[in-house]
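Listed below, chain by chain, are the residues.
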Amino acid sequence: MQKTTFILFIISFYLFLSCQEKKKEHKNIPLKEIAEDNSKLESEIKEDSIYPVYDLADNTVAIVMTMFESDTISKYEKIYSQINETDSLEAGFYNPKAVKNKKFEYYDTLGIVKLVKSKNLEKEIKKIIEPKYYVYGTKGFAEMKVDEVICRIDDCRESFIGLTIKNFDTAKNGKPLLCSKKPLNLNYGKGYFPIQRKIQKMDDSIVYRYSDVDSTKVKVFANIGPAYFVYNDDFLWGKTSAKSKTKFPERRILIQQKNDKFKTIYVEGLDLHGYRCD
């Protein structure tokens, strides 16, 4: 009986060690395989259309489509250029006295971001956008309907088209940050501080012209596996710009690589400083 018990103990112990070895092997994934997994995840994220969302003013939250920022002409830029040519949007905005019959209205010009609305621009843009988008905040997300189409005209900063949304539940979902056409499988986790610290360290190592102008620190708010969704924004500039330290509000998606390095696969931001006119 004792001999049988001893044999069973030996077998059990051997199986235990085998299981432990299998767990160790599972953790030691080859670097090449990790890179392939990241490439697949990157492709899945980038195949969806993702846009930044901002609190542009006291009562204006909008999805933002930036124009004139890439080598390729976007469909939004084409429509804007056509309407600007026929309705003299920029001429009427910069020199109101020169255009007798303005074909736009001032939507919100009290804040740091000056916004106007053109009915003709809205009509054409609404033909090509989605009626609803999934909007992601600092705490959660909601499917939101597009309300109005507005735009910013600014030579010193980027011009953009904005799709306003109404009644985004900030108590439940937090401050709005990003949106997508299709739902993203975001994990709103906790304990991002170690990752956040590594990303901030990476950011601090990059010195650029306005490093001393904007001291807003990075925040991680969600992830999909090794892909981290982050923002730099104190959310004050749209309402009380004098109290805000943020000059370049930004949204990014970074994928963690080997050796604690990060690959940026998405970045969008606004220039509130006006560096083009410095």
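Look up a bit, the structure's there.
My aim in this report is to walk through the structure given alongside it, one point at a time. (Residues numbered from 1 in each chain as written. Predicted model: local features only at pLDDT ≥ 70, side-chain atom pairs only at ≥ 80, totals over all residues. Heavy atoms only, no water.)

In terms of helices and strands, the chain carries seven helices and 12 strands. Surface accessibility of the chain: about 16700 Å² in total, with carbon and sulfur atoms responsible for 52%. (Helix = DSSP H or I, 4+ residues; strand = E, 2+ residues; numbered from the N terminus. Areas by Shrake-Rupley, 256 points an atom, 1.4 Å probe, with all protein chains shown as cover.)

Formed by 30 residues in total, the largest nonpolar core has its most connected members in I63, I125, I161 and L163. Going through the elements one at a time, β1 (50–57), β2 (60–66), α3 (75–87), α4 (89–94), α5 (119–125), β5 (132–137), β6 (141–152) and β7 (160–165) are the ones with two or more residues in this core. If one sorts the elements of this core by residue count, β6 sits on top with five residues. Setting aside its immediate chain neighbours within four residues, I161 contacts I63, V64, M65, M67, Y76, Y80, I125, V149, I150 and C151. L177, L184, F235 and Y266 belong to the second-largest nonpolar core, a separate cluster that totals 20 residues. (Core = buried A, V, L, I, M, F, W, Y, C linked by side-chain atoms within 4.5 Å. Buried < 20%, exposed > 50% of the residue type's maximum accessible area, 1.4 Å probe, protein only. Contact = heavy atoms within 4.5 Å.)

Let us now look at unusual backbone geometry. Leave glycine aside and you will find that most residues have negative phi; peptide bonds, for their part, are mostly trans. A positive phi is found at N167, a non-glycine position, where the angle reads about 60°. Its relative accessible area of 75% is what places N167 among the exposed residues. You will see that F235, though not glycine, has its phi angle at about 65°, which is positive. Mapped onto the elements of the fold, F235 is located in the loop between β10 (227–232) and β11 (250–256).

An order of β9-β10-β11-β12 is seen for the four strands of this open sheet, with the pairing classed as antiparallel. This sheet does not close on itself; its edge strands, each paired only once, are β9 (219–224) and β12 (262–269). In this sheet, adjacent strand axes meet at a mean angle of 20° when their direction is disregarded. In this sheet, β11 lies alongside β10 in antiparallel orientation, the contact comprising six bridges. (Pairing = 2+ DSSP bridges. Axes fitted to C-alpha atoms, helices over the stretch in contact; angles between N-to-C directions.)

A few words now on helix α7 (residues 193–204). In this model, α7 (12 residues) spans 16 Å end to end at C-alpha, consistent with the 16 Å of a helix rising 1.5 Å per residue. Among the residues making up α7, those that are buried are I195, Q196, I199, Q200 and D203. With its buried residues spanning 135° around the axis, α7 presents them on a single face. In α7, those exposed residues whose orientation departs by more than 90 degrees from the buried face are R197 and K201. Where α7 is buried, its residues meet β9, β10, β11 and β12. (Expected span 1.5 Å × (residues − 1). Arc of directions from axis to C-beta.)

Summarising burial for β9: five of the six residues are buried, a large majority. The pairing of β9 with β10 spans five bridges and is classified as antiparallel. Residue V220 lies in a different strand from β10, and its bridge partner there is V230. In this antiparallel pair of consecutive strands, β9 and β10, the connection spans two residues, and G225 shows a positive phi of 60°.

Just distances and angles here, no functional claims.
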